[in-house]
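Notes for the structure review
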Amino acid sequence: MKASESRHSILWLLLAQLSAMLPLIAVLPVWIVAVWGASAWWYWRIISAGYQFPAAPIKALLAVAAVLGVYLSFASLLALEAMVAILILALILKLLELKTERDQWLVLMLSYFVIACGLLFSQQIIDVVLALLQITVLLLAQQAMNRDKTKAVIMLRSVGVMALQSLPLMLMLFVIFPRIGPLWTMPLPGGQGITGMSDSLEFGDIARLSQSGELAFRVRFEGEPPSTESLYWRGLVLDQFDGRRWTRNAWPARNKIPAPAVSAATVKYTVTLEPALHEWLYVLPMGTVDRRDVYYTTQHQWLSKRPINGRVEYEVSSQFVNGLPDGNGDERQNLQLAGGQNAQARALAAQWQENIADASDRVAAAMQFFESTPFEYTLTPSVLGPNNVDEFLFSTRQGYCEHFAGSFVFLMRAAGVPARIVLGYQGGEFNKRDNYLLVHQSDAHAWAEVWLKGQGWVRVDPTATVAPSRIRLGAEAVLKSQSGYLKDSFISLRRFEWATRLRLFVDNINYAWARWVLNFDSDTQASFLRGILGEINPQRMFIAIMLAGGIPLTLVAFFSLRLPSQKGEDLAAKYYLLSCKALARRGVQRQAGETPEQFLARVKVESPSWFDWLAMQTKLFSECSYYSQQSEAYLQNLQKLKRFRRPRKWLEQTSRRGLER
């Protein structure tokens, strides 16, 4: 069948193509939609108004222009988004050479691949539902290629039957098929990945990150969760300063030490990080992580042996301690200050060092300075110059957590007290519906650690002094009234207090989807199969495959392929003959070789009370003989023929009509 022979199937094909493409517009250039619109219009004019297909040079020019447009949009052709854009443009431009049924099938198959590409960027439950709707449209387009203007409702019924038939196979493959790392956990090199915590810090970085409403991770506690002010999710230690930016020292990070021992008085919980490229984990100090692909360092960080792609789940046992021991015994590296900037801060710290002998008292003096100075805790602090610490402490006095932590560490080092910055998150939002904690990017936080003799590394958070409600109540309670809050997440439901219950309900569904489906890795699969089979061996796996997939598929095959097949059976003749049998039970027998018209004429004479009913059935049967079995008219007549194959149904309907009159 040529494509131009059925406008009905072409309309469905264009709809399928558009449905596969549109959800990706969030990560692709908007001009791609215009390209599709122009190509679809051109092709429609070809099949409806006799326009010519473009010549080969024009098609080559369009292909080059499409690739050039992608390069200008992404500054690369190797980024994931750029490659997906090229695939979609190839699918669109295929319309300009769509001449045969084979070309239609190629467009449909490429559309399936485009839908799969959408899961490269997000795998939330809403994305899966959307993908199922897209697949439904594609299946309807496939049926439209082989049906003559059949109603969408009828085709949709066939799609439902196919979905039910495929369900046993899908479940069997999900549970039994070996787990491999899915393609969509790969990092997004085109810059469209989920933003998160960096491994360096400059004044303003966390303030910008906190303007995002994206989820960072979820936490499920065993038992009662700790108080909000104790939830310091420790990630990275930054101990090198070049005058403006804090970075981590790679050498101590590589020094592995044994994980801290787990005592009876521990808090146990499970952390599920959102998809990203993870090089470190977040724990409550001191925490022990139950994973083989991470290690513990002298700076009490949990680092991955190699970057972990995608969603990460790990179990932690933490015990709250007053101080962390110094793993490498060299606190002098945490006294270094680069350059000669920030003279005022250095002078203030020198006074403390000269007048206060005890290091803990110098820490107290610094905290008293932050408490007595009228600082402003804000998401939109002023831009600082070369002497950023001096300008912040003695001039602008506007800052976010990194300003307070960074300037405090600077003062402590200048005063002779070893200090460093710790990056992570603080607090979180508790979802009471399913008893777990949500930690968002807006909960990002920086604090300080100072080394005190006999105590080790002690956490000090100057933000808790300047804005105590930030630590006690959480970031949202303090920042939601500020203009920059969730600035980068304009449509986030977190912006609307009335939508809190709805948002948490939806997140509960997404969390369940992540736990039971997306996190169904090889370890979870092995544990699940051992719970069912007791022992995993070839014999038991074969039995499980037969029970889970073989028997259901056999039943589906039996009912789908049973003989005589309905596809080879004349249903109109079947229901007409059943009508004749019903009339025979009432004393009017159809004779052998008697045509429907001859039988109707004899019934009019011998039993006129049944004439109207049989005339209707004979008319419906005759019309079905001239319609295509896939046409809407045939299906409507067949339905009536089946419904009134017994005279009683017809009598009941005519009686009701008589009473209504």
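Residues numbered from 1 in each chain as written. Predicted model: local features only at pLDDT ≥ 70, side-chain atom pairs only at ≥ 80, totals over all residues. Heavy atoms only, no water.

**Quick look at a negative patch on the surface**
- A cluster of like negative charges, contributed by Glu222, Asp290, Glu313, Glu315, Asp521 and Asp523, occupies part of the molecular surface.
- By the element assignment, Glu222 lies in the loop between strand E2 (215-221) and strand E3 (232-238).
- Given the relative accessible area of 61%, Glu222 is considered exposed. (Patch = residues over 30% accessible without salt bridge, like charges linked within 9 Å, V, L, I, M, F, W, Y side chains within 5 Å. Areas by Shrake-Rupley, 256 points an atom, 1.4 Å probe, with all protein chains shown as cover. Salt bridge = Lys/Arg side-chain N within 4 Å of Asp/Glu carboxyl O. Lys, Arg positive; Asp, Glu negative; His and termini not counted. Charge placed at Lys NZ, Arg CZ, Asp CG, Glu CD. Helix = DSSP H or I, 4+ residues; strand = E, 2+ residues; numbered from the N terminus. Buried < 20%, exposed > 50% of the residue type's maximum accessible area, 1.4 Å probe, protein only.)

**Comments concerning the pattern of salt bridges**
- For the structure shown, the criterion picks out 20 salt bridges.
- In this structure, Arg245 engages Glu202 in a salt bridge whose closest nitrogen and oxygen atoms are separated by 2.8 Å. Here Arg245, found in strand E5 (residues 245-247), pairs with Glu202, found in strand E1 (residues 200-202); they are 43 residues apart in sequence, far enough to count as distant.
- Residue classification places Arg245 among the partly exposed residues on the basis of a relative accessible area of 25%.

**A short note on the sheet that holds strand E12 (residues 419-426)**
- Taking strand neighbours across the sheet as the criterion, the 4 strands line up as E3-E12-E15-E16 in an open arrangement whose pairing is antiparallel. This sheet does not close on itself; its edge strands, each paired only once, are E3 and strand E16 (456-460). The mean inter-strand angle of the sheet, taken between neighbouring strand axes irrespective of direction, is 35°.
- Note: strand E15 (residues 444-452) against E16, 5 bridges, orientation antiparallel. Of the residues in E16, the one forming a bridge with Val450 is Val458.
- Its contacts with the sheet put helix H11 (residues 359-372) on E15 and E16, and the angle it makes with E15 is roughly 150°. (Pairing = 2+ DSSP bridges. Axes fitted to C-alpha atoms, helices over the stretch in contact; angles between N-to-C directions. Contact = heavy atoms within 4.5 Å.)

**Focus: the domain arrangement of the chain**
- Segmentation of the chain into domains returns domain 1 (3-150), domain 2 (200-486) and domain 3 (571-660).
- Computed from C-alpha atoms alone, the centre-to-centre distance between domain 1 and domain 3 is 48 Å. (Domains from an automatic or database assignment.)

**A closer look at the UniProt feature "domain: Transglutaminase-like" (unreviewed entry) in the chain**
- The UniProt entry lists residues 393-464 under the feature "domain: Transglutaminase-like" (unreviewed entry), expressed in the numbering used here.
- The span residues 393-464 carries 29% helix and 44% strand; its end-to-end C-alpha distance comes to 17 Å. (UniProt positions renumbered as here; feature names shortened; annotations may be inferred.)

**Some words on the confidence of the model for the chain**
- Summary statistics for the chain give a mean pLDDT of 85 and a share of 91% for residues scoring 70 or more.
- Note on residues 182-194: pLDDT is under 50 here. Beyond four places in sequence and across chains, it has 23 contacts.
- Residue range residues 563-567 is modelled with pLDDT below 50. Its contacts to residues more than four positions away, or to other chains, number 0 contacts. (pLDDT = per-residue confidence, 0-100.)

**Some points on the pairing of E16**
- Among the 5 residues that make up E16, 4 are buried, leaving the element largely enclosed by the rest of the structure.
- Hairpin remark: E15 followed by E16, antiparallel, with 3 residues in the connecting loop; positive phi at Gly454, about 85°.

**Observations regarding unusual backbone geometry**
- The linkage connecting Pro285 with the following residue, Met286, adopts the cis geometry, with an omega of -20°.
- Turning to its location among the elements, Met286 is positioned in the loop between strand E6 (267-280) and strand E7 (287-289).
- In this model, Asn342 sits at a positive phi of 60°, which is unusual for a non-glycine residue.
- Residue position: Asn342 is located in the loop between strand E9 (302-318) and helix H10 (343-355).
- Asn342 gets classed as buried once you look at its relative accessible area, which sits at 1%.
- Notably, Arg397 is not glycine yet its phi reads approximately 55°, a positive angle.
- Topologically, Arg397 is positioned in the loop between helix H12 (388-396) and strand E11 (398-399).

**What to know about the nonpolar core**
- Counting residues in hydrophobic clusters, the biggest one holds 87 residues, and the most contacted among them are Phe217, Trp233, Tyr269, Tyr314, Phe408 and Val450.
- The greatest single-element share of this core, amounting to 9 residues, is contributed by helix H13 (residues 401-414).
- In contact with Phe217, other than residues within four places in its own chain, are Trp233, Val271, Thr272, Leu273, Glu274, Tyr282, Tyr425, Leu437, Leu438 and Val439.
- One finds Leu24, Val84, Leu96 and Leu120 within the second-largest nonpolar core, a separate group that totals 50 residues. (Core = buried A, V, L, I, M, F, W, Y, C linked by side-chain atoms within 4.5 Å.)

**Focus: the packing of aromatic side chains**
- A full pass over the atoms with the stated rule returns 31 aromatic pairs.
- Each ring, one from Tyr282 and one from Tyr425, has its centre 5.1 Å from the other, and the planes form 75°; the classification is edge-to-face. Taken together, the residues span a long stretch of sequence, with Tyr282 in the loop between E6 and E7 and Tyr425 in strand E12 at a distance of 143 residues.
- Among the aromatic residues, those joined into a cluster by ring pairs are Phe203, Trp352, Phe369, Phe370, Phe375, Tyr377, Phe392, Phe394, Tyr400, Phe404 and Phe408. (Phe/Tyr/Trp six-rings, centres within 6.5 Å; stacked < 30°, edge-to-face > 60°.)

**Things to note about the packing of helix H6 (residues 125-144) against helix H7 (residues 152-176)**
- At their nearest, the axes of H6 and H7 sit 10 Å apart, and the two run at 115° to each other. In this structure, H6 meets H7 at a crossing whose hand is right-handed. Along its contact with H6, which presents Thr136, Leu139, Leu140, Gln143 and Ala144, the element H7 presents Ala152, Met155, Leu156, Ser158, Val159 and Met162.
- By residue class, the composition of the contact of H6 with H7 is 8 nonpolar, 3 polar and no charged. (Left-handed = near helix turned anticlockwise from the far one by under 90°. Nonpolar A, V, L, I, M, F, W, Y, C, P; charged D, E, K, R; others polar.)

**Here's the deal with H12**
- All buried positions along H12 are accounted for by Asn388, Val389, Asp390, Phe392 and Leu393.
- Those residues of H12 that are buried are in contact with H10, H11, E11 and H13.
- Arg397 sits one or two positions beyond H12 and adopts a positive phi of about 55°.

**Observations regarding helix H3 (residues 56-74)**
- The end-to-end C-alpha separation of H3 is 27 Å, in line with the 27 Å expected for 19 residues at 1.5 Å each.
- Taken as a whole, H3 has its buried residues at Ala66, Gly69, Val70 and Phe74. Viewed along the axis of H3, the buried residues span an arc of 110°, placing them on a single side of the element. H3 presents Pro57, Leu61, Val64 and Leu72 as exposed residues on the side facing more than 90 degrees away from its buried surface.
- Contacts made by the buried residues of H3 are with helix H2 (31-49) and helix H4 (80-93). (Expected span 1.5 Å × (residues − 1). Arc of directions from axis to C-beta.)

**Thoughts on the side chain of Thr272**
- Structurally, Thr272 can be placed in strand E6.
- The exposure class assigned to Thr272 is buried, which follows from its relative accessible area of 0%.
- A polar contact of 3.0 Å, which involves the side chain of Thr272, links it to the side chain of Glu313.
- Those residues in contact with Thr272, other than ones at most four positions away along the chain, are Phe217, Arg218, Arg311, Val312, Glu313, Tyr511 and Asn519. (Polar contact = N/O pair within 3.5 Å; in protein donor to acceptor, adjacent residues only side chain to side chain.)

**Observations concerning the packing of H12 against H13**
- Relative orientation of the contacting elements H12 and H13 amounts to 110°, with a least axis distance of 10 Å. Compared by their axis directions, H12 and H13 come out roughly perpendicular. Along its contact with H12, which presents Val389, Phe392 and Leu393, the element H13 presents His403, Phe404, Ser407, Phe410 and Leu411.
- Looking at side-chain class alone, the contact of H12 with H13 contains 6 nonpolar, 2 polar and no charged residues. (Parallel < 35°, antiparallel > 145°, perpendicular 65-115°, else oblique.)

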